[in-house]
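Below are the chains, spelled out letter by letter.
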Amino acid sequence: MTESKPTAPARIAPAGLMFLAITSVGWGFNWPVTKYLLSELPPLTLRGSTGVIGAALLAVLALARSQSLRVERHLWPRLMLAALLNVTGWMVLMGLALLWLPASETALIAYTMPVWASLLAWPVLGERPTILRTVALVMAFAGLAAIMGGNGITATTEKLPGMVMAIGGAFGFALGTVLAKKLPVPLPPIPAAAWQIGLGCFPIVIIGLAVETTHIDDVTGLGWWLLVYATVIQFCIAYVSWFAALARLPASVAAIGTMAVPVIGVVASAVALGEPLGLTQIVALVFTLAGVVLATRS
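As the structure is a computational prediction, the values presented were derived from the model and not from experiment. (Residues numbered from 1 in each chain as written. Predicted model: local features only at pLDDT ≥ 70, side-chain atom pairs only at ≥ 80, totals over all residues. Heavy atoms only, no water.)

## Some thoughts on the nonpolar core
Keep this limit in mind: Here, the term nonpolar core denotes a set of buried Ala, Val, Leu, Ile, Met, Phe, Trp, Tyr and Cys residues that are joined through side-chain atoms within 4.5 Å. Each residue is assigned to one of three classes by its accessible area relative to the maximum for its type, calculated with a 1.4 Å probe on protein chains only: buried under 20%, partly exposed between the two thresholds, exposed over 50%. Runs of H or I in DSSP of at least four residues are treated as helices and runs of E of at least two as strands, each being numbered from the N terminus.
The biggest cluster of nonpolar side chains holds 49 residues, and the ones touching the most others in it are Leu58, Met91, Ile197, Tyr239 and Trp242. Sorting elements by how many residues they give to this core places helix 9 (residues 221–246) first, with ten residues. Formed by eight residues, the second largest nonpolar core is a distinct cluster that contains Leu37, Leu41, Leu46 and Val219.

## A look at empty space enclosed by the protein
Formally: Residues are called lining when one of their atoms sits within 4 Å of a cavity or pocket point, these points coming from a 1 Å grid over the protein atoms alone, where a cavity is a set in which a 1.4 Å probe fits but cannot get out and a pocket is an open set with protein on both sides within 12 Å along at least five of seven lines. Grid points are joined across faces, edges and corners, and a volume is the space filled by probe spheres set on the points. Each residue is assigned to one of three groups, with Ala, Val, Leu, Ile, Met, Phe, Trp, Tyr, Cys and Pro labelled nonpolar, Asp, Glu, Lys and Arg labelled charged, and all others, Gly among them, labelled polar.
What the rule picks out here adds up to two cavities of 30 Å³ or more. Estimated volume of the largest cavity: approximately 40 Å³. Every residue lining the largest cavity is listed: Asn30, Thr34, Leu37, Leu46, Arg47, Thr50, Ala230, Gln234 and Phe235. Counting residues per element, the ones that place at least two in the lining of the largest cavity are helix 1 (14–37), helix 2 (43–64) and helix 9. Tallied by class, residues from the lining of the largest cavity come to four nonpolar, four polar and one charged. Put simply, the second largest cavity is a space of about 30 Å³. Along its surface, the second largest cavity is lined by Ser118, Ala121, Glu127, Arg128, Pro129, Arg133 and Ser252. Classifying every residue of the lining of the second largest cavity gives two nonpolar, two polar and three charged.

## Some points on the confidence of the model for the chain
Going by this rule: For every residue, the predictor assigns a confidence score, pLDDT, that lies between 0 and 100. Should any heavy atoms of two residues lie within 4.5 Å, those residues are considered in contact.
Predicted confidence across the chain gives a mean pLDDT of 80, with 83% of residues reaching 70 or more. With pLDDT under 50 throughout, residues 1–10 is counted as low confidence; its partners more than four residues away or in other chains account for five contacts.

## Quick look at the side chain of threonine 45
The condition that has to hold: Pairs of N or O atoms are called polar contacts if they sit within 3.5 Å, as long as, within protein, a hydrogen donor faces a hydrogen acceptor (for residues adjacent in sequence, only side-chain-to-side-chain pairs).
On the secondary structure map, threonine 45 appears in helix 2. By relative accessible area, threonine 45 is classed as buried at 8%. At a separation of 3.4 Å, a polar atom in the side chain of threonine 45 contacts the main-chain carbonyl oxygen of glycine 208. Every residue in contact with threonine 45, bar those within four places of it in the chain, is listed here: Thr50, Gly208, Leu209, Glu212 and Thr214.

## Comments concerning the pattern of salt bridges
Two side chains carrying opposite charge are able to pair once their charged atoms lie near each other. Selection rule: In the sections that follow, a salt bridge refers to a side-chain nitrogen of Lys or Arg positioned within 4 Å of a carboxyl oxygen of Asp or Glu.
Under the criterion given, the structure shown has one salt bridge. Arginine 70 serves as the salt-bridge partner of glutamate 72, at 2.9 Å between the closest nitrogen and oxygen. For arginine 70, a relative accessible area of 58% corresponds to the exposed category.

## So, the environment of leucine 37
Along the chain, leucine 37 falls in helix 1. Separated by 193 residues in the primary sequence, leucine 37 and alanine 230 have C-alpha atoms spaced 9.3 Å apart. Apart from residues lying up to four places away in sequence, leucine 37 is in contact with Leu46, Gly223, Leu226, Leu227 and Ala230.

Set out below in structure tokens:
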């Protein structure tokens, strides 16, 4: 077992890259979708309810495909930990960080996640960072910083709670990514996604319904269609693809690959919401994507 570990990280499965691309597109387009929906629905109720519904749809799909939802008793702690880090912690901490930080600064801090994942993958998984992968990480992160943090992050006392929460969410997701390789839950991607999303979102929707006021009448026709996207594409298709990618790629490569998410989000927001996208941002987008491509080839 110790002999196969050094060679495994070097292999880049084409199917893993395909699933990673599907994840990036699904999560990337969800940026403008969520931004629009937050004008009609409160954050915890929105995130929690779409996640619970998405998990239920995935469970039905798994049963329709004759895939068992049964989880061995000894695997429950792993499953609960993965749901806490990859779903609950990410959604709650990033949502709360937006109360203190602008969206651009929150996103920039959020996508330090590949830095933490690459650092954690070395001691936990033995994935030594190659020179090419390190260069790719620096390229992608520098491009992302140019896109989202052109004016720099102002580290004021007022913003400190948001910065701490955003860093906590990013570190938690990175830890979840690495532990998914170290302590895998041997389930097919669809049941794995159904359980993790359901377990992760259930407490969010309970808290949201308890503390938030939701006016369903305020949801527009476009809002309902976007809710379908947030439920089916973001939670069902993108999360299933993410777990499938994790099963086929080194944790550090998968993490760096997610840096394409905010790139897609910036472009989609510019097209759909009319947000600015100048020459500097376009160059930064190309730089970031070049880093992602280099990472997947290293």
